[in-house]
Amino acid sequence: EGTWHRDYIDRIEIYCKESLTVSGRGAYYDRYGASRDMVQSHMLQMLALTAMERPDRVIDRGMEAEKTHVLQNTHFVTGVRGQYEGYRQEENVDTESQTETAFVGEWRINTDRWRDVPIYMLTGKAMDEKRTEIRIVYKASQHAFFKETITCDPDILIIRVAQKSGFILYVNSKQPNSIRETMPVKLDFCHSCRYGPYTQEAYENLLASVFIGEQSISVSAQEIEQQWRIIEEALQSDLPLYTYQQGED
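These lines cover the structure that appears in this document, whether it is placed above or below. For every chain, the first residue of its written sequence is number 1, and the numbers climb from 1 along that sequence. Where totals are concerned, whole chains, interfaces and linings use all residues; where local detail is concerned, this predicted model gives features only for residues with pLDDT of at least 70, and gives and counts side-chain atom pairs only at 80 or more. As a rule here, side-chain values come from all non-hydrogen atoms in the structure, and water together with hydrogens is ignored.

Side note on the pairing of strand 1 (residues 9-17)
(1) Moving on: Residue burial is assigned from relative accessible area. The probe radius is 1.4 Å, only protein chains are included, and a residue is buried under 20% of its type maximum, exposed over 50%, and partly exposed in between. Helix and strand labels come from DSSP, where a helix needs a run of H or I of at least four residues and a strand needs a run of E of at least two; each type is numbered from the N terminus. Counted residue by residue, strand 1 has 7 buried out of 9 residues, so it is predominantly covered.
(2) Moving on: Only strands joined by at least two bridges in the DSSP assignment are considered to pair. Here strand 1 runs beside strand 4 (residues 119-124); their pairing, made up of 6 bridges, is parallel. Within the sheet, the bridge partner assigned to Glu13 lies in strand 4 and is Tyr120.

As structure tokens, then:
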């Protein structure tokens, strides 16, 4: 809590990368694109959960007001759109389509906690890997233990939402057999590695919450309205469309 603040955090990065192409979903995908398909729903919810203040209560929609407050104060800065090579040859896709299959954007949250902290989001089809994660990149320390050290990597907290969900914390350690050189060290927690067969799938968690009437993971109408406002704000900026090779990072 003490470091979850603009005084300590340099930036937030959110990734939803997919290695597959539109895979027969051309008729749907060509109407909406990556921004409406992923950023508007999944990624803005990930941002709201990351940036919200601690709610008074978790159950009975206690989180919705805090998430809505984040979204109400989120504004688009800049971005670019991409389309993988060969997309226009996919089934049910317009041969002159201007729909993006990748989207990179920068946002700001105008609250006391997050003001001036850049928020970056990247999502895309036919990329180099499948990865869904949130990266909290801390500011570089101004008080290095070894004053002669020229560079010191920032601490990074990675929250893995999918693909071995859990978290990784990168911190700095002195290199063995060195007097003053440091190196990043990876501290890794994997949920399924720890709990094995008792790890529930995402839809199992969702259905279990529905059965008991637990609404903390639900999304309110106010949140959805704000998410659409945010993404339409970005799309009205007339962003350029670039072509990228399938399998590119």
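A look at the packing of aromatic side chains
(1) Moving on: Planes of paired rings set the category: under 30 degrees apart is stacked, over 60 is edge-to-face and the rest tilted, where pairs are Phe, Tyr or Trp rings (Trp by its six-membered ring) whose centres lie within 6.5 Å. The final tally for this structure, using the stated rule, is 8 aromatic pairs.
(2) Moving on: A centroid spacing of 6.4 Å and a plane angle of 80° characterise the contact between Trp4 and Trp114, whose relative ring orientation is edge-to-face. Here Trp4, found in the segment before strand 1, pairs with Trp114, found in the loop between strand 3 (102-109) and strand 4; they are 110 residues apart in sequence, far enough to count as distant.
(3) Moving on: What makes Trp114 buried here is its relative accessible area of 0%.
(4) Moving on: Look at Tyr84 and Tyr87: their rings are 5.6 Å apart centre to centre, the planes differ by 80°, and that puts the pair in the edge-to-face class.

Comments concerning the pattern of salt bridges
(1) Moving on: Each salt bridge in this description consists of a side-chain nitrogen of Lys or Arg and a carboxyl oxygen of Asp or Glu lying within 4 Å of one another. Taken as a whole, this structure holds 18 salt bridges when the rule is applied.
(2) Moving on: Where Asp10 meets Arg11, a salt bridge forms, and the shortest distance between an N and an O atom there is 2.8 Å.
(3) Moving on: The partly exposed category is assigned to Asp10, whose relative accessible area is 32%.
(4) Moving on: With a closest N to O distance of 2.9 Å, Lys17 and Asp128 form a salt bridge. Of this pair, Lys17 sits in strand 1 while Asp128 is found in the loop between strand 4 and strand 5 (131-138), placing the two residues 111 residues apart along the sequence.
(5) Moving on: Residue Asp128 is classed as partly exposed on the basis of its relative accessible area of 36%.
(6) Moving on: The structure contains a network of salt bridges with shared partners spanning Lys17, Asp128, Glu129, Arg131, Glu133 and Arg135.

Focus: the side chain of Thr132
(1) Moving on: Among the structural elements, Thr132 can be located in strand 5.
(2) Moving on: Assessed through its relative accessible area of 14%, Thr132 is described here as buried.
(3) Moving on: Residues contacting Thr132, with those up to four places away along its chain left out, are Tyr15, Cys16, Met46, Ile159, Arg160, Val161, Ala162 and Gln163. Any two residues having at least one pair of non-hydrogen atoms within 4.5 Å are treated as being in contact.

Here we look at helix 5 (residues 221-235)
(1) Moving on: Here the expected length of a helix is defined as 1.5 Å per residue gap, with one fewer gap than residues. Given a rise of 1.5 Å per residue, 15 residues ought to cover 21 Å, and the 21 Å separating the end C-alpha atoms of helix 5 matches this to within 8%.
(2) Moving on: Within helix 5 the residues assigned to the buried category are Glu223, Gln226, Gln227, Ile230, Ile231 and Ala234. Down the axis, helix 5 shows its buried residues gathered within 130° of arc, on one side only.
(3) Moving on: Considering only its buried residues, helix 5 is in contact with helix 1 (26-51), helix 2 (64-72), strand 2 (74-84) and strand 3. When we speak of the arc, we mean the arc of directions from the helix axis to the C-beta atoms.

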